[in-house]
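Each chain is listed here by its residues.
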Amino acid sequence: MSDVLIDLRSDTVTKPTEGMRRAMAAAEVGDDVYGEDPTVRALEERVAGLFGHDAALFTPTGSMANVLAVRSLVAPGQEVLCEARAHIARAELGAHGALSGVTMRTWRSPSGRIAQEEIEELFAPDLGPFFVATAAISVENTHNFAGGSVVPLPEMAALKDFAEGAGTRVHLDGARIWNAHVATGVALKEYGAVVDVLAVCLSKGLGAPVGSLMVGSADAIAEARVWRKRLGGGMRQVGVLAAAGLYALDHHLERLAEDHDNAQLLADALGVDPQTVDTNIVAVPHDDAAGFVARAAEAGIMIGTVGPRVVRVVTHLGVDRAAVERAASLLASL
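Residues numbered from 1 in each chain as written. Predicted model: local features only at pLDDT ≥ 70, side-chain atom pairs only at ≥ 80, totals over all residues. Heavy atoms only, no water.

## As for unusual backbone geometry
Here is the rule we go by: The way it works is that DSSP assigns letters per residue, a run of H or I at least four long becomes a helix, a run of E at least two long becomes a strand, and they are numbered from the N terminus.
The amide bond that connects Asn-141 to the next residue, Thr-142, takes the cis arrangement and shows omega of 0°. For Thr-142, the location among the structural elements is in the loop between strand E5 (134-140) and helix H7 (153-166). In the Ramachandran plot, Leu-93 falls in the positive-phi region, its phi being about 55° despite a non-glycine side chain. Tracing the backbone shows Leu-93 in the loop between helix H4 (87-90) and helix H5 (95-100).

Rendered as structure tokens:
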């Protein structure tokens, strides 16, 4: 491998900044299982307020936040509808079925957006002991495997209207909702207003080392707190991690625009129309994705695949403009 090492595999590879480390070291802590960690409580209250919901629950991972959020809407034996490449369907190792007894049916959208007509056709009302009932519809915004695409707010609002009329509810996998907010200018509360429950992540574009939150009603969060403990997610003096999340919200949210600009540069260099790249993820079609990734590694550029014919390149706060320009040049030459 080349001495050059630029890691564009994911926005999860970032390391805490010096300022974040100082905030973590100085964090006031308590026992969070008893609900006594003041830094965790501050983070939960802040994030709940950002989205206009009653409460939030700090979790160690985004997958756990999603499992807790979906199970708050969907009982064992019921189903959630989602896009075919949704993270809850493809990248959480079947946790929703294995741990919550939830089934899934999917619609397909190349852009990861909402296919309203198809969803309405898929929707199954409760018909008693004959068919699986649709208890929730899940939207991922931004959509990871669709190249970080933004789901427009009007589409989400129309889905919420349908769900309310049909007697079902909406879950948002908002791991990268921060990117959607910065890319579009849509307020976080506006996203929160069109869903019943959501999960957000601190350890992707925001650059915290660990942590996500489930956001929802007070009752849903109270129940999820019990299930978090049941699933092994009860944490004690975890304010040292929550402090990283608070620091990230203060210092790393608006800078996501830099990652979006850098993704545009990479897209252009790799022959992808920059107009199709909404945020910080560039999906690059390639006949031999694994081979291209291997050649990139030899040149000192770490990237990944999301299928046999799609390469994924992700910008983040750990790679500055100069490094992105170097990576763009090297990748283009390959």
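Anyway, onward from the coordinates.
## Re the sheet that holds strand E11 (residues 304-305)
The following threshold applies: At least two DSSP bridges between two strands are required for those strands to pair.
Spatial ordering of the open sheet is given by E9-E12-E11, a layout of three strands whose pairing is antiparallel. At either margin of the open sheet sits one strand with a lone partner, and together these are strand E9 (281-285) and E11. Both E11 and strand E12 (residues 310-314) contribute to a ladder of two bridges, which runs antiparallel. In the strand pairing of E12, Gly-304 is matched with Arg-312.

## Focus on a negative patch on the surface
Let me state the cut-off plainly: Distance thresholds for patches are 9 Å for like charges and 5 Å for nonpolar side chains (Val, Leu, Ile, Met, Phe, Trp, Tyr), applied to residues having over 30% relative accessible area and no salt bridge. Computed with the Shrake-Rupley method and a 1.4 Å probe, the accessible areas treat only the protein chains shown as cover for residues. One speaks of a salt bridge when a side-chain nitrogen belonging to Lys or Arg is within 4 Å of a carboxyl oxygen belonging to Asp or Glu. Neither His nor the chain ends contribute to the count of charged residues, in which Lys and Arg are positive and Asp and Glu negative. Charged groups are reduced to one reference atom each: NZ for lysine, CZ for arginine, CG for aspartic acid, CD for glutamic acid.
Together, Glu-117, Glu-118, Glu-120 and Glu-121 make up a negatively charged patch on the protein surface. The topology assignment puts Glu-118 in helix H6 (residues 116-122).

## A look at the nonpolar core
What counts is decided by this rule: Only buried Ala, Val, Leu, Ile, Met, Phe, Trp, Tyr and Cys residues count toward a nonpolar core, and they belong to the same one when joined by side-chain atoms within 4.5 Å. Partly exposed residues are those whose accessible area sits between 20% and 50% of the maximum for their type, while under 20% is buried and over 50% is exposed, using a 1.4 Å probe and protein chains only. Here, residues are in contact when the closest pair of their heavy atoms is within 4.5 Å.
In this structure, Leu-43, Phe-51 and Trp-178 are the most contacted members of the largest nonpolar core, which totals 53 residues. Setting aside anything within four residues of it in sequence, one finds Leu-43 in contact with Phe-58, Leu-202, Leu-213, Ala-242, Gly-245, Leu-246 and Leu-249.

## Here we look at the environment of Asp-278
So the rule is basically this: N or O atoms closer than or at 3.5 Å make up a polar contact, with two conditions inside protein: a donor-capable atom paired with an acceptor-capable one, and, for residues adjacent in sequence, both atoms drawn from side chains.
Mapping Asp-278 onto the fold places it in the loop between helix H12 (256-269) and E9. For Asp-278, a relative accessible area of 31% puts it in the partly exposed group. Taking the C-alpha atoms as reference points, Asp-278 and Gly-147, separated by 131 residues in sequence, lie 8.0 Å from one another. Not counting residues up to four positions away in its chain, the partners in contact with Asp-278 are Gly-148, Ser-149, Val-150, Ala-183 and His-260. Of note is the side chain of Asp-278, whose polar atom sits 2.9 Å from the backbone nitrogen of Val-150.

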